[in-house]
Amino acid sequence: EDKVVQSPLSLVVHEGDTVTLNCSYEVTNFRSLLWYKQEKKAPTFLFMLTSSGIEKKSGRLSSILDKKELFSILNITATQTGDSAIYLCAVPDRNQFYFGTGTSLTVIP
Amino acid sequence: DTAVSQTPKYLVTQMGNDKSIKCEQNLGHDTMYWYKQDSKKFLKIMFSYNNKELIINETVPNRFSPKSPDKAHLNLHINSLELGDSAVYFCASSQVGGSSPLHFGNGTRLTVT
């Protein structure tokens, strides 16, 4: 069964739009949830969330975790073409990191 | 000062050949991993090593054999390559227990013809 589920699978928006990406999870011993951005090469780390309700922010990107409802969202405001990428959510559990299928974001000029 | 480095970046080879991918991390992490990313970009764990000891071996054919000479290195050897092995292989490392982010190498794009 899938431990990490992301939605939507893909998204096409115009520059300047705001997007919300979703990640729900189910693991035995929750420690953290991580967001990554993948362009052409390796996934690059964005955020690590461990506590509910505390927003993490970096520029136009922000993320929050809800440990009661077992999900996280990643918000991107005022999107730019450079935000086009696959956004991956991951949760560590039992000596590995489980990844969702990713959300493919395309930002059109 | 690359954190996780893997070589080669690209590997093109014929079916039936044997190939190796090398990985090294200089982050002082205890745990290293091999992930396979398929054409749909799904990242799936193959192996996980903690301080040179194998701790995860997912349902990977035994043609794939990881080797960790020390905790900073995790190499992947693949025997009798098949078309279905074509993918991007990522090496990664983290502190044990997932208490720190996973750091990825730049990937090795393997193409089997």
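Remember, it's a predicted structure, so these values are computed and weren't measured experimentally. Note that residues are indexed from 1 along each chain, following the sequence as it is written. Chains and ligands are labelled by the order in which they are written, letters from A for the one and numbers from 1 for the other. Residues qualify for local features only when their pLDDT is at least 70, as the model is predicted, and side-chain atom pairs are given and counted only at 80 or more; totals for whole chains, interfaces and linings, by contrast, use all residues. Hydrogens and water are ignored here; the side-chain numbers use all heavy atoms of the structure.

A. Geometry of the interface of chain A and chain B. A contact between two residues is defined here by any heavy atoms of the two lying within 4.5 Å. On the chain B side, the residues contacting the 20 residues of chain A number 23 residues. The term buried area means the drop in 1.4 Å probe accessible area that two parts suffer when joined, counted for both and summed. Across the chain A/chain B interface, buried area totals approximately 1,800 Å², and carbon plus sulfur atoms make up 63% of it. Looking only at chain A, the three residues that lose the most surface to chain B are Asn 95, Phe 97 and Phe 99 of chain A, adding up to 32% of its buried area. Salt bridge, as applied in this entry: a Lys or Arg side-chain nitrogen positioned within 4 Å of an Asp or Glu carboxyl oxygen. Applying the counting criterion to the chain A and chain B interface returns zero salt bridges. Helix and strand labels come from DSSP, where a helix needs a run of H or I of at least four residues and a strand needs a run of E of at least two; each type is numbered from the N terminus. Going through the elements one at a time, β4 (33–38), β5 (44–49), β9 (85–93) and β10 (96–99) of chain A are the ones with two or more residues in the side of chain A that touches chain B. Split into classes, the residues belonging to the side of chain A that touches chain B amount to eleven nonpolar, six polar and three charged. Here the nonpolar group is Ala, Val, Leu, Ile, Met, Phe, Trp, Tyr, Cys and Pro; Asp, Glu, Lys and Arg are the charged ones; every other residue, Gly included, is treated as polar.

B. Geometry of the sheet that holds strand β1 (residues 4–7) of chain A. Residue and element names in this part refer to chain A. For two strands to be treated as a pair, DSSP must find at least two bridges joining them. Strand order in the open sheet formed by five strands is β1-β3-β8-β7-β6, and the pairing between neighbours is antiparallel. Each edge of the sheet is formed by a strand with only one pairing partner; in this case those strands are β1 and β6 (56–58). Taken over all neighbouring pairs, the strand axes of this sheet differ in orientation by 15 degrees on average, direction set aside. The axes used here are C-alpha line fits, helices contributing only the stretch in contact, and every angle between their N-to-C directions lies in the interval 0 to 180 degrees.

C. Region of interest: the pattern of salt bridges. In total, this model carries six salt bridges over all chains according to the counting rule given. In this structure, Asp 93 of chain A engages Lys 3 of chain A in a salt bridge whose closest nitrogen and oxygen atoms are separated by 3.4 Å. Of this pair, Asp 93 of chain A sits in strand β9 while Lys 3 of chain A sits in the segment before β1; the two residues are 90 residues apart in sequence, bridging distant segments of the chain. Here Asp 93 of chain A matches Lys 3 of chain A in class, with each residue buried. As a salt-bridge pair, Arg 63 of chain B and Glu 82 of chain B come within 3.5 Å of each other at their nearest N and O atoms. Separated by 19 residues along the polypeptide, Arg 63 of chain B in the loop between β6 (53–57) and β7 (64–70) and Glu 82 of chain B in the loop between β8 (73–78) and β9 (87–94) bring together distant segments of the chain. Categorising residues by exposure relies on relative accessible area from a 1.4 Å probe, with only protein chains included: less than 20% of the type maximum marks a residue as buried, more than 50% marks it as exposed, and the intermediate range marks it as partly exposed. Exposure remark for Glu 82 of chain B: the relative accessible area of 41% places this residue in the partly exposed category.

D. Main features of the nonpolar core. Buried Ala, Val, Leu, Ile, Met, Phe, Trp, Tyr and Cys residues form a nonpolar core when they are joined through side-chain atoms within 4.5 Å. Counting 22 residues, the largest nonpolar core has Leu 33, Trp 35, Tyr 87 and Leu 105 of chain A as the members making the most contacts within it. Put simply, the parts of the chain that give this core at least two residues each are β3 (19–25), β4, β5, β7 (61–66), β8 (71–76), β9 and β11 (103–108) of chain A. Those residues in contact with Tyr 87 of chain A that sit more than four places away from it in its chain are Gln 6, Leu 21, Tyr 36, Lys 37, Leu 46, Leu 74, Ile 76, Gly 102, Thr 103 and Leu 105 of chain A. Listed in part, the 20 residues of the second largest apolar core include Val 4, Met 46, Phe 47 and Ala 87 of chain B.

E. View of unusual backbone geometry. Following Ser 7 of chain A, the chain continues into Pro 8 of chain A via a peptide bond in cis, with omega recorded as -10 degrees. Structurally, Pro 8 of chain A can be placed in the loop between β1 and β2 (10–14). Here the amide bond leading from Thr 7 of chain B into Pro 8 of chain B is cis, since omega sits at 0 degrees, within 30 degrees of zero. For Pro 8 of chain B, the position within the fold is in the loop between β1 (4–7) and β2 (10–13). We note that Leu 70 of chain A has phi near 60 degrees; this positive angle belongs to a residue other than glycine. Structurally, the position occupied by Leu 70 of chain A is in the loop between β7 and β8. Using a relative accessible area of 33% as the deciding quantity, one classes Leu 70 of chain A as partly exposed. In this structure, Lys 52 of chain B takes a positive phi of about 75 degrees despite not being glycine. Summarising the element assignment, Lys 52 of chain B is placed in the loop between β5 (43–50) and β6.

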